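Architecture and fold: a report
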Amino acid sequence: MSTFQDLIKDRTLLCDGAMGTMLQEAGIAAGTCPELLNVEDPDTIRSIHMAYIRAGADIIETNTFGGSSAKLSSYGLEHRTEELNRAAVKVAIEASDGRVLVGGSIGPTGRFVTPVGDMTFDEAVDIFTRQAGAIISAGADLILLETFSDIKEIRAAVIAIRSFSDIPILAHMTFEPSGLTLLGSSPEAAAVTLEAAGVDAIGSNCGLGPAGILDVLRRMSSVTSLPLIAMPNAGMPRLENDRTVFPASPEEMAEPVPEFLGIGTAVIGGCCGTTPDHISKIREALDAAGKRSDRILTDPGATRLSSRGAVLFVGGASPLRAVGERLNPTGRKALAQSVRDGKFDPYREEATRQVEAGSQMLDVNVGVPGINEEQAMVEAVLAVQQAVSVPLSIDSPRPEVIEAGLKAADGKVLINSVTGEKESLEKVLPLAKRYGAAVLGLTLDNEGIPPTAQGRLAIARRILEAARQLGIPDQDVLIDCLTLSAGAEQDKVVETLNALSLIRSELNLNTVLGVSNISFGLPSREYINAAFLAMAAVSGLSAAIVNPFHETSMGILASSRVILNQDRQASGYIALYSGSSDQGDTSSAADMGEEEALKLAVVQGHPDRARELAGNLLSQGIEPMELGEKVLIPAMAVVGERFARNEYFLPQVMMSARAMKAAFEPLKEAMAGMDIPSKGRILMATVEGDIHDIGKNIVMTLLENHGYDVIDLGKNIPAAEIAREAARGEISAIGLSALMTTTMVRMKEAVEVLREAGLTLPVVVGGAAVTQDYADEIGAQGYARDATEAVAVFSRLIPGGN
């Protein structure tokens, strides 16, 4: 059998369809651990594989989607992780008999990585290492990472696999109708991040039908040359006669195949609701359509960097970029003290201000003596990512601090920096390779900074060659030719400009340069900085590290883009300086009263500031209840509105919730011993057969922040237990969650059992596949699409909840 890499060169491969749908058709009871069937009923699994092979699949997937120790622990089976995964591969290999490729399926853990969840990055890596190790050792041909919504979690999975294997990895993320994942990743950012991490193909599965997946892949194709993968659902599910039905027919699933091939899709298959009949029709369409179209990457010479939701092209044919330098405590006493105190709200605020001033990327440094710099870097990166969406540069001379920042990062960052010294190359470049980062090389070595441009070129070439040996692409190596002070070494300044030209002409590498050092020790520094920046732009500079609050330097950047034909029709320049651009709300916390400042701290997710401001307001005599009702609750309402408009995503919502919780701490102290009435007691449960509780947990966090008492029954809860617990206490309402289409029917059962028990409490339902129509059909009083809407629904249904 040929390898995946060989087969993908000549044709588009067909993957199989849904395993869960076929297990449901086979009569497997809801709540059964699918992976347990690999040892207890392998014939059923084998028959499903055989059906897909007969339908024409080139790749069959193992029955291991939920086979991580984290997922198996919900069934008490985590100790059998290796056994169940290896058994699944064995069954698939037997079914394939060498005719098709066997892909090991790996899904999410069911937990979010910090700061959204409680799972550390290292813990996620360990979980995926264990599962992937079992699958690969059993003989799988490739790995399929599927249905991920957290870029940090899927990145951990790729890093885990690449730490011990070069097996082909096909990475899929799941996108919402908004075009973003649940946690706010865009298709472009996901593609850039995962390509850098080392996947072999990128795409999307689940969540959307063919039209939605097609749009996602079009967006991915603009930033990556990797093969594209399409694994759509057979439409959006609905329940008919207590069975989950996906409406798209085999013919409807096959119809868009020519469009997928037209954008160069290299692997097509199916997700939820697809059966061998669907795969058979797609096979016919593929055979009839011919070869896929070739793709041309936009600006192939650029370095592509990413955050969770955005992509930045640096160098190549892209415009000159501005990198904000102000997240550095060196010479800044207040910022240094905040780092010593473990308070990173100033980093959030400074990051926001720099981006508003025009920074397109931010350099993050936490170099303060006598602190735990690794932990400080983690906190700083998390704080900055929560505040802004631009890519980051992790700035430290210490490899262990860089690695801490790389684990915390959401996207593909720039490491600042590596030098031409042997020790630096041996310690820093492997980090760039392992974590999928670009790296900034400084043209200095053990002998210092060479006085000539040729000397700096030689060091740049040494860095590039060392990077190539590790498989780091040339585009991910940027060079800093180093700026010397014109006041101290005036005769050497021009060598920096000459070196920039040589790096571009002889190595074709992109460049970054810190500008402000040129004027050190001189008066009116901004003029020197601006002149040097203009000269560097002409010499081929790709990105300048600047103070974005210096208007002259930022004006030179904008002007240079026009003169160098990087700003077509001068549209960016005109938007900045014509006076017609909408500058938005430029007010800051310093301009407003403490109540408004507290509201802003919650909305922007600043826990330390929220706690401090709440304490200050209480000391001024404001009643705790008044503060909660007039400031904190309205602040979270703003967060909910922004979430509904796709301006905020889950990470921002959770940070705002934490800020709200921090603000409530002094309120609770002030109310100690007081009889404070609750808004209501809400019973929450994930229904029987469903082991997913991420969404439920988020809802509970927001409900508690809004003054409700929440009782969590957990996950996989039978209807009888829900009714029994509801009858015991003074419950105001019940919330039911189900992620899987196969367990939605348990919601109906729970509502019926509650009514049979004479309990008329309002029931609110929610989950990925749940709809308002289904809520109405089963007699639920409320339906919530997301956590913020759930708060509004419960408030409406519970007397006195508003």
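Residues numbered from 1 in each chain as written. Predicted model: local features only at pLDDT ≥ 70, side-chain atom pairs only at ≥ 80, totals over all residues. Heavy atoms only, no water.

A few points about the overall build of the chain
Note the following rule: The numbering of helices and of strands both runs from the N terminus, where a helix is a DSSP run of H or I of at least 4 residues and a strand a run of E of at least 2. Values of the radius of gyration come from C-alpha atoms, whereas the globule rule sets the reference at 2.2 Å times the count of residues to the power 0.38. Note on classification: 1.4 Å probe, protein chains only; a residue is buried when its accessible area is under 20% of the maximum for its type, exposed when over 50%, partly exposed between these limits.
Along the backbone of the chain there are 32 helices and 25 strands. Taking 28 Å as the expected radius of gyration for a compact globule of 802 residues, we find that the chain reaches 28 Å, a close match to that expectation. Along the first, second and third principal axes, the C-alpha atoms of the chain reach 90 × 75 × 50 Å. The buried share among the 802 residues of the chain stands at 57%.

Remarks on the pattern of salt bridges
Just so we agree on the cut-off: Within this document, salt bridges are pairs made up of a side-chain nitrogen of Lys or Arg and a carboxyl oxygen of Asp or Glu, the two lying within 4 Å of each other.
Under the counting rule described, the total for this entry stands at 44 salt bridges. Note that arginine 80 is salt-bridged to glutamate 83, the shortest N-O span being 2.7 Å. For arginine 80, a relative accessible area of 22% puts it in the partly exposed group. Classification of glutamate 83 as partly exposed rests on a relative accessible area of 37%. Residue lysine 422 is joined to glutamate 426 by a salt bridge in which the shortest nitrogen-to-oxygen separation is 2.5 Å. Taken together, the residues span about one helical turn, with lysine 422 and glutamate 426 both in helix α18 (residues 422-435) at a distance of four residues. On the accessibility criterion, lysine 422 (58% relative accessible area) is exposed.

Considerations on the pairing of strand β14 (residues 361-364)
This is how the line gets drawn: The pairing criterion is simple: DSSP has to find at least two bridges between the two strands.
Here β14 shows a buried face lined by Met361 and Asp363 and a second buried face lined by Leu362 and Val364. Bridge count between strand β13 (residues 321-327) and β14: three bridges; the pairing is parallel. What sits directly across from valine 323, in β14, is methionine 361. Summarising the sheet, β14 and strand β15 (residues 392-395) pair through three bridges and their orientation is parallel.

A word on the side chain of threonine 419
Rule in force here: Contacts between residues were defined by any pair of non-hydrogen atoms, one from each residue, lying within 4.5 Å.
Take threonine 419: it is sitting in the loop between β16 (414-418) and α18. The exposure class of threonine 419 is buried, given its relative accessible area of 11%. Apart from the residues lying within four places of it in its own chain, the contact partners of threonine 419 are Ser424, Leu425, Leu442, Leu444 and Ile463.

Here we look at the sheet that holds β16
Backbone hydrogen bonds are what pair the strands of a sheet, in a parallel or an antiparallel way. Selection criterion: To obtain an axis, a line is fitted to C-alpha atoms, over the contacting stretch when the element is a helix, and the angle between two such axes runs from 0 to 180 degrees between their N-to-C directions.
If you trace the eight strands once around the closed barrel, you get β13-β14-β15-β16-β17-β18-β19-β20, paired in parallel fashion. Taken over all neighbouring pairs, the strand axes of this sheet differ in orientation by 25 degrees on average, direction set aside. In terms of strand pairing, strand β19 (residues 510-514) meets strand β20 (residues 543-546) through three bridges, oriented parallel. In the sheet register, valine 512 faces β20, and the bridge partner there is alanine 543. Where helix α15 (residues 345-356) meets the sheet, it contacts β13 and β14, and its direction lies at approximately 155 degrees from that of β13.

Some details on the sheet that holds strand β1 (residues 13-14)
Spatially, eight strands are ordered β1-β10-β7-β6-β5-β4-β3-β2 in an open sheet, and the strand pairing comes out parallel. Strands with a single pairing partner mark the edges of an open sheet, and in this sheet they are β1 and β2 (59-61).

Focus on the packing of helix α6 (residues 81-96) against helix α7 (residues 121-137)
Packed helix pairs are specified by the crossing angle of their axes together with the interaxial distance, meaning the distance between the axes. The condition is simple: Handedness of a crossing is defined here by the sense of rotation of the near helix relative to the far one, left-handed for an anticlockwise turn of less than a right angle and right-handed for a clockwise turn. In this count, Pro and Cys sit with the nonpolar residues alongside Ala, Val, Leu, Ile, Met, Phe, Trp and Tyr, while Asp, Glu, Lys and Arg are called charged and the others, Gly among them, polar.
Running from N to C, α6 and α7 cross one another at 35 degrees; their axes reach a closest spacing of 8 Å. For the pair α6 and α7, the sense of crossing is right-handed. Packed against α6, whose contacting residues are Thr81, Glu82, Asn85, Arg86 and Val89, the element α7 presents Arg130, Gln131, Ala134, Ile135 and Ser137 at the interface. Per-class residue counts for the contact of α6 with α7 are three nonpolar, four polar and three charged.

Overview of the environment of alanine 334
Looking at where alanine 334 falls in the secondary structure, it is placed in helix α14 (residues 333-340). Along the sequence, alanine 334 and proline 346 sit 12 residues apart, while their C-alpha atoms lie 9.0 Å from each other.

A closer look at the confidence of the model for the chain
Stated formally: You can read pLDDT as the predictor saying how much it trusts each residue, on a scale of 0 to 100.
On average, residues of the chain score 91 in pLDDT, and 97% of them reach the 70 mark or higher. Predicted confidence is poor over residues 580-587, with pLDDT under 50, and the contacts of this stretch with residues over four places away or in other chains come to two contacts.

Focus on the packing of aromatic side chains
Selection rule: Stacked, tilted and edge-to-face are the three classes applied to pairs of Phe, Tyr and Trp rings, where Trp contributes its six-membered ring and a pair requires centres within 6.5 Å; stacked means planes under 30 degrees apart, edge-to-face means over 60, and tilted covers the rest.
For the coordinates displayed, the defined rule picks out four aromatic pairs. Taking 6.5 Å as the distance between ring centres and 40 degrees as the angle between the ring planes, the aromatic pair formed by phenylalanine 121 and tyrosine 435 counts as tilted. Here phenylalanine 121, found in helix α7, pairs with tyrosine 435, found in helix α18; they are 314 residues apart in sequence, far enough to count as distant. Each member of the pair phenylalanine 121 and tyrosine 435 is classed as buried.

A closer look at a nonpolar patch on the surface
Short version of the rule: Patch membership needs two things, relative accessible area over 30% and no salt bridge, and members are linked within 9 Å if like-charged or within 5 Å if nonpolar (Val, Leu, Ile, Met, Phe, Trp, Tyr). Computed by Shrake-Rupley with a 1.4 Å probe, the accessible areas treat only the displayed protein chains as cover when residues are assessed.
On the surface, Val562, Ile563, Tyr573, Ile574, Leu576 and Tyr577 cluster together into a nonpolar patch covering about 580 Å² of accessible area. Listed by contribution, the elements that provide at least two residues to the nonpolar patch are α22 (551-563) and α23 (571-577). Inspection of the secondary structure assignment puts tyrosine 577 in helix α23.

Focus: α15
We count it as follows: To estimate how far a helix should extend, the number of its residues minus one is multiplied by 1.5 Å.
Here α15 contains 12 residues, and its C-alpha end-to-end distance of 17 Å stays within 8% of the 16 Å for a straight helix at 1.5 Å per residue. For α15, the complete set of buried residues consists of Asp345, Tyr347, Arg348, Glu350, Ala351 and Gln354. On its buried side, α15 packs onto β13, α14, β14, α16 (373-387), α25 (607-619) and α27 (650-670). Positive backbone phi, at 120 degrees, marks glycine 358, one or two positions downstream of α15.

Re the pairing of β19
Put simply, the test is: Crossovers are described as right-handed under a simple rule: with the strands pointing away from the observer, the path leading from the first strand over the helix to the second runs clockwise.
Buried residues dominate β19, accounting for four of its five residues. Sheet analysis places strand β18 (residues 477-480) next to β19, joined by two bridges and oriented parallel. Bridging across to β19, leucine 478 finds its partner in asparagine 510. On the question of chirality, the crossover connecting β18 to the parallel β19 by way of helix α20 (residues 493-507) is right-handed. One crossover worth recording links β19 to the parallel β20 by way of helix α21 (residues 525-538), and it is right-handed.

Concerning the nonpolar core
Going by this rule: We call a set of buried Ala, Val, Leu, Ile, Met, Phe, Trp, Tyr and Cys residues a nonpolar core when their side-chain atoms join them within 4.5 Å.
Ranked by size, the top nonpolar core spans 153 residues in total, and within it Leu145, Leu194, Ile282, Tyr347, Val384, Ile415 and Val477 carry the most contacts. Residues within four places of valine 384 in sequence aside, it is in contact with Leu327, Tyr347, Ala351, Leu362, Val364 and Leu392.

Re a negative patch on the surface
Put simply, the rule reads: Here the positive residues are Lys and Arg and the negative ones are Asp and Glu; neither His nor the chain ends is included. Each charge is placed at NZ for Lys, CZ for Arg, CG for Asp and CD for Glu.
Together, Glu251, Glu252, Glu255 and Asp277 make up a negatively charged patch on the protein surface. Within the secondary structure, glutamate 252 is located in helix α11 (residues 250-254). By relative accessible area, glutamate 252 is classed as partly exposed at 44%.

Details of the side chain of arginine 321
Formally: Pairing of N or O atoms within 3.5 Å defines a polar contact, subject to two protein rules: one partner must be a possible hydrogen donor and the other a possible acceptor, and residues neighboring in sequence count only if both atoms are side-chain atoms.
Examined against the element boundaries, arginine 321 turns out to sit in strand β13. As a buried residue without a salt bridge, arginine 321 has its nearest oppositely charged side chain in aspartate 299, at a separation of 6.9 Å. For arginine 321, the side chain forms a polar contact with the main-chain oxygen of phenylalanine 313, separated by 2.7 Å.

Describing the packing of helix α4 (residues 42-55) against helix α13 (residues 276-289)
Applicable threshold: Roughly parallel means an angle under 35 degrees; roughly antiparallel, over 145; roughly perpendicular, 65 to 115; everything else is oblique.
Taken N-terminus to C-terminus, the directions of α4 and α13 make an angle of 20 degrees; their axes are 8 Å apart at the nearest point. Here α13 runs roughly parallel to α4, going by the angle between their axes. Viewed along their axes, α4 and α13 form a crossing whose handedness is right-handed. Between α4 and α13, the contacting residues are Ala51, Tyr52 and Ala55 on the first element and Pro276, Ile279, Ser280 and Arg283 on the second. In terms of residue class, the contact of α4 with α13 is made up of five nonpolar, one polar and one charged.

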